[in-house]
Each structure stands twice: as C-alpha cells, then as structure tokens.
Amino acid sequence: MNALTYSRFGSPDVLQHTQAPAPRVRAHHLLIRVRAVSVNPIDGKIRRGELRLLSGAHFPKSPGSDFAGVVEEVGAGVEGFSRGDRVFGFTGSMREGTLAGLITVAASSVARIPQGLDDVGAAAVSTVGLAALQALRDVARVAPGERVLVNGATGGVGLMLIQLARSRGAHVTAVTSAAGLAVARQFGAQVVHDYRARPVSMLGERFDVVFDLSTKLSFSEARGLLTPRGRHVGFEPSPVSLLSSALLGPFRRQKQLLLVTRPSGRDLAELAGKLQARELLPPPVEVFELSDARGAFERSERGGVIGKVVIRATPSP
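These numbers come from a predicted model, not from an experiment.

Calculation rules
Residues numbered from 1 in each chain as written. Predicted model: local features only at pLDDT ≥ 70, side-chain atom pairs only at ≥ 80, totals over all residues. Heavy atoms only, no water. Helix = DSSP H or I, 4+ residues; strand = E, 2+ residues; numbered from the N terminus. Rg over C-alpha atoms; globule rule 2.2 N^0.38 Å. Buried < 20%, exposed > 50% of the residue type's maximum accessible area, 1.4 Å probe, protein only. Contact = heavy atoms within 4.5 Å. Areas by Shrake-Rupley, 256 points an atom, 1.4 Å probe, with all protein chains shown as cover. Lys, Arg positive; Asp, Glu negative; His and termini not counted. Charge placed at Lys NZ, Arg CZ, Asp CG, Glu CD. Pairing = 2+ DSSP bridges. Axes fitted to C-alpha atoms, helices over the stretch in contact; angles between N-to-C directions. Core = buried A, V, L, I, M, F, W, Y, C linked by side-chain atoms within 4.5 Å. Domains from an automatic or database assignment. Parallel < 35°, antiparallel > 145°, perpendicular 65-115°, else oblique. Left-handed = near helix turned anticlockwise from the far one by under 90°. Nonpolar A, V, L, I, M, F, W, Y, C, P; charged D, E, K, R; others polar. Phe/Tyr/Trp six-rings, centres within 6.5 Å; stacked < 30°, edge-to-face > 60°. Lys NZ or Arg CZ within 6 Å of the ring centre and 35° of its normal.

A. Geometry of the overall build of the protein. Broken down by element type, the protein carries nine helices and 15 strands. In terms of overall dimensions, the protein is globule-like: its C-alpha atoms have a radius of gyration of 19 Å, near the 20 Å expected for 317 residues. Seen through its C-alpha atoms, the protein measures out along the principal axes to roughly 55 × 40 × 40 Å. Out of the 317 residues belonging to the protein, those deemed buried represent 53%. In the protein, 70% of the contacts between residues at least 6 apart in sequence involve partners at least 24 apart. For the protein, the accessible surface area stands at approximately 14,400 Å², while carbon and sulfur atoms represent 53% of it. On the protein, the mean spot of the 39 positive side-chain charges and the mean spot of the 27 negative ones are 5 Å from each other.

In structure tokens form, the structure reads like this:
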C-alpha cells in the first residue's frame, strides 16, 4: 500500500512516498481505508524529534494522528460497525501515523461521519473537535455565564472552542489576527480583538477561563487576566508545565491546567450529532492532495492558517 513515511528527524523535506505492507486487522480494531488526514502542530514536533521521548526514535515513521475513511474490515469482538461505513477518528498515537492507504484503529476511538459532511470536513474536525470538547467539559469545566477568552482563536481548535463554549452558555472573547476577526465573529465570538493592535495583556478585562492556543501566553502572564478563581488552559504540555501544575496547583486559587487530548469514539459521536444538527460548523480548510503532502506540512508550519490544513489521501467516490 502507499504510505507517507520518513526515516530521520527533520523538516518536511524528509517525507517520502513509499510502499509498505498492508496491516492486518486485530481484535477490537477496524481496518480503515484512509481518505483524508488533517495536519496538526504535534505532527511537526514529532517529525522534528522534539517529542522523541514519547514517540521513540524507531524508523520508518508515518505522520498523522487523525483520519476520515471507510471501514474495510471489522475485527473480532467489534460491534456497531460494518464494512463500508464512513468513519472518522483520532488515534492519540505518537508512534503510528495515519497517512497510509490502510490503517488499523481501535473501534472505541472511531465514530461514523455524519450525513452531509465530506471526508475533508470530517478529517478537519477529528482532533480539534475532541480537543475543544474535552478542554471545555473535562479540564476547564466551563459553566453557563462564565467569561471565556480564546487566545489564538481562528485555528481549528479555537473555532471549535468558540462554538462549543457558546453552546454551554459562556460569553466568548476571541483574540486573533486582523485576518481572522470576521471568521471569529462568524463562528460566534461576541467580542474580538486583533492581537497586533492590542496586546492580550492590555485587554483590561477579567476572565473565568483563558484558553491559550497561541502557546505564547504563559500562566504567569495570564494571571492578570484571570478572576480570583480563574483557570488558564494550555494545549502543549511540557515537562516544566506539567510539573508546575502538579506541584503548585493545589496551593493556587487561580489554576494552571493542561489538556492532553484523548481518543474517544463517544466524544466523536457527540460531535457528529452536533454537526449533523448544524449546531456546530466544521472549520474552513486548505486542501492539499497527497502528492503535495510536503506542501501541506510546510503551509501548516508557516502559521497563519485560518481553520485547518487537510491532506486528501484518496478521492471520495
């Protein structure tokens, strides 16, 4: 089968189109033909070797952590899925990528793609939808009436956060570039700020929750934006931030919280229901064909993407 792989850490130039043996379906897993994969910041970190303690240094590797595709084979012990089902998911693995013709995925981390959503749209939602839902519900525990700041609001996670926070009854302020202001409003932000015109630290407001998707607003810098019991949620845990949160968190009224996105078919099914009901919109996408996968990663890593970059692995029928 076709696969996108790399045999050393480095820039997108290390990516190669290769032939690899097709995997065999295991018990409690699905064999899936991949049709689309989104590009996420963690893909570049893994490929550059920045997370080698977690991803390992065994080669070849394949990039990608989410997918949209079609079930080719159902493993023993799996119920609720059949050959031909259109599905999407997030693997959570740093060792086995999804940019290959066929992949095996635990059935518990997969859900059906809702009607009316194509493969590209489903791939665009997989990781960012899970991240936003779990950050709001499980990490920050956002309640109706709370004031929420989304810093870096027009990437995929930010646009999902805006919508899901609004659906929970929160008041949402979005910080983005001038190019993203209209999109942030379109997706439901009640107040928008251009970070170049007005630095985040100078907003002069207090928030119950600050979601920092820019990774540039540290907890110490955000404390002046938080209410006395406010929560700062980071999306790129580091050893230092994890240690700080664990050791100092119990003694602080203001909390430094960290999201580690979990694979969950149940959460994806919840998102699918909201998408089908038009209660949630997928982010805008920039689509690249598999033949230009390097270009997709280069585009993502330049920054400034509004929404998501998605690689179309095979055309939909």
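B. Seen up close, the sheet that holds strand β10 (residues 191-194). Here we have six strands laid out as an open sheet, ordered β10-β9-β8-β11-β12-β13, and parallel in their pairing. Because the sheet does not close on itself, it has two edges, and the strands there are β10 and β13 (255-258). Taken over all neighbouring pairs, the strand axes of this sheet differ in orientation by 20 degrees on average, direction set aside. Where strand β8 (residues 147-151) lies against strand β11 (residues 207-212), four bridges are found, and the strand directions are parallel. The residue bridging V148 from the neighbouring strand is V209, located in β11. Packed onto the sheet, helix α3 (residues 119-140) meets β11, β12 (226-234) and β13 and runs at close to 135 degrees relative to β11. In the packing of helix α4 (residues 156-167) onto the sheet, the strands contacted are β8, β9 (171-176) and β11, and the crossing angle to β9 comes to about 165 degrees.

C. Structural context of the nonpolar core. In terms of nonpolar packing, the biggest core is built from 51 residues, with F88, V142, V150, L161, I162, F211 and F235 touching the most fellow members. Counting residues per element, the ones that place at least two in this core are β5 (86-90), α3, β8, α4, β9, α5 (181-186), β11 and α8 (265-276). The two domains that each donate at least three residues to this core are domain 1 (2-126 + 264-312) and domain 2 (140-258). Counting 31 residues, the second largest nonpolar core, distinct from the first, contains V34, F81, V305 and I311.

D. Region of the structure containing the packing of α3 against α4. Two elements in contact, α3 and α4, have axes separated by 8 Å at closest approach and are oriented at 45 degrees. Classified by the angle between their axes, α3 and α4 sit oblique to one another. Crossing handedness for the pair α3 and α4: right-handed. Only G156, V157, M160, L161, L164 and A165 of α4 make contact with α3, whose side of the interface consists of V128, G129, A131, A132, L133 and L136. Classifying every residue of the contact of α3 with α4 gives ten nonpolar, two polar and no charged.

E. The side chain of R231, seen in detail. Residue placement: R231 occurs in strand β12. We classify R231 as buried; its relative accessible area is 12%. With near-sequence residues (within four places) excluded, R231 lies in contact with A140, R141, V142, E146, D208, V209, V210, L226, K255 and L257.

F. Expanded view of the packing of aromatic side chains. Summed over all chains, the structure comprises three aromatic pairs. Relative to F59, the ring of Y6 has its centre 6.2 Å away and its plane inclined at 65 degrees; by these criteria the two rings are edge-to-face. Here the residue Y6 occupies a position in the loop between β1 (2-5) and β2 (16-19), and F59 occupies one in the loop between α2 (52-55) and β4 (66-74), the gap between them amounting to 53 residues. Judged by its relative accessible area of 2%, Y6 is buried. The partly exposed category is assigned to F59, whose relative accessible area is 23%. These aromatic residues form a ring-pair network of at least three members: Y6, F9 and F59. The ring of F59 carries the charged tip of K61 above its face, separated from the ring centre by 5.8 Å.

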